[in-house]
Amino acid sequence: MVTSRSMATIVPKQDQFYDFGRQIFKTYGLTLERVGRMRLVLVAAAALIDGNGAVLLAQRPEGKSLAGLWEFPGGKIEAGERPESALCRELFEELGVDVAPADLEPLGFASHTYENFHLLMPLWTTRTWQGQPRGREGQALAWVQPEALQDYPMPAADLPLIPVLSSHLFQSQNA
Ligand SMILES: Nc1nc2c([nH]c(=O)n2[C@@H]2O[C@H](COP(=O)(O)OP(=O)(O)OP(=O)(O)O)[C@@H](O)[C@H]2O)c(=O)[nH]1
């Protein structure tokens, strides 16, 4: 039975829940109307880091959305696929490299509302792969030192990940 005493304990919790919801909406620029119509797209991406501490970026080719921008290799997670497996599959398809899921280290994630969908993109790092990365889908590749990352225009979703990646690279250089 709900007594006035138990109601009193429930109401503040609900308030906190709504405050949290409001905060999420504010942080990600969401509105109820946009969320209602929005597709959630799950993408797995990786920062390949070479022996000099440079990161591999791939340029989105002409004809694709966000063409010309530089991104972390990766792609959409298909239904029923484990995210790490999806990423290893994409890295092979796009770059011709073999990465073992055990060699992926989680770094962070992007959560960003584009015009037509909301992107949720976990980003892993890896320093271990087999094969020489090459743009198998015609995309240009670049090995970029952390201090030069700002010279490579990236999708809006990626921008919050850059300081996280830079500080990860800095810490591992100075470990
Ligand atoms: N792989 C990757 N995708 C990213 C990054 N940042 C970002 O916004 N995305 C977005 O995540 C989606 C990745 O999809 P995808 O790689 O499987 O497919 P796609 O190029 O054919 O994309 P499209 O369906 O938009 O044309 C794209 O909409 C892309 O713009 C990133 O750093 N790496």
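As annotated in an unreviewed UniProt entry, the protein carries the name 8-oxo-dGTP diphosphatase and is attributed to Candidatus Phycosocius bacilliformis. Listed under Sequence similarities (unreviewed entry) in UniProt, the entry text for the protein is "Belongs to the Nudix hydrolase family."

Trainee: Sorry if this is basic, but what is going on with the overall build of the protein here?
Mentor: Each helix and strand in the protein was counted, giving 4 helices and 7 strands. Helices (α) and strands (β) of the protein occur, in sequence order from the N terminus, as α-α-β-β-β-β-α-β-β-β-α. When the 175 residues of the protein are sorted by exposure, 37% land in the buried category. Considering only residue pairs separated by 6 or more positions, the protein has 66% of its internal contacts joining residues 24 or more positions apart. Accessible area for the protein stands at about 10,700 Å²; split by element, carbon and sulfur atoms hold 56% of it.

Trainee: I keep staring at the site of the ligand and nothing clicks. Help me out?
Mentor: Taken together, 17 residues surround the ligand, and among them Ser65, Phe72, Lys76, Tyr114 and Asp158 come closest. Glu71 is positioned such that a nitrogen or oxygen atom in its side chain is 3.3 Å from a nitrogen atom of the ligand. In this structure, an oxygen atom belonging to the ligand sits 2.6 Å away from a side-chain N or O atom of Tyr114. For the ligand, the accessible surface in isolation is 600 Å², of which the surrounding protein chains cover 84%. Every element with two or more residues in the shell around the ligand is listed here: β4 (74–76) and β6 (117–126). Considered class by class, the residues forming the shell around the ligand number 9 nonpolar, 3 polar and 5 charged.

Trainee: So what exactly am I meant to see when it comes to the sheet that holds strand β3 (residues 70–71) here?
Mentor: Think of a sheet as strands paired side by side through backbone hydrogen bonds, with each pair either parallel or antiparallel. Taken in spatial order, the 3 strands line up as β3-β2-β7 in an open sheet, and their pairing is antiparallel. The open sheet has two free edges, formed respectively by β3 and β7 (141–144), since each of these has just one partner strand. For strand β2 (residues 55–59) and β7, the ladder comprises 4 bridges, and the chain directions are antiparallel. Considered in β7, the bridge of Leu56 is made with Trp143.

Here is what the cut-offs are and how they apply
Residues numbered from 1 in each chain as written. Predicted model: local features only at pLDDT ≥ 70, side-chain atom pairs only at ≥ 80, totals over all residues. Heavy atoms only, no water. UniProt positions renumbered as here; feature names shortened; annotations may be inferred. Helix = DSSP H or I, 4+ residues; strand = E, 2+ residues; numbered from the N terminus. Buried < 20%, exposed > 50% of the residue type's maximum accessible area, 1.4 Å probe, protein only. Contact = heavy atoms within 4.5 Å. Areas by Shrake-Rupley, 256 points an atom, 1.4 Å probe, with all protein chains shown as cover. Near = heavy atom within 4 Å. Polar contact = N/O pair within 3.5 Å; in protein donor to acceptor, adjacent residues only side chain to side chain. Nonpolar A, V, L, I, M, F, W, Y, C, P; charged D, E, K, R; others polar. Pairing = 2+ DSSP bridges.

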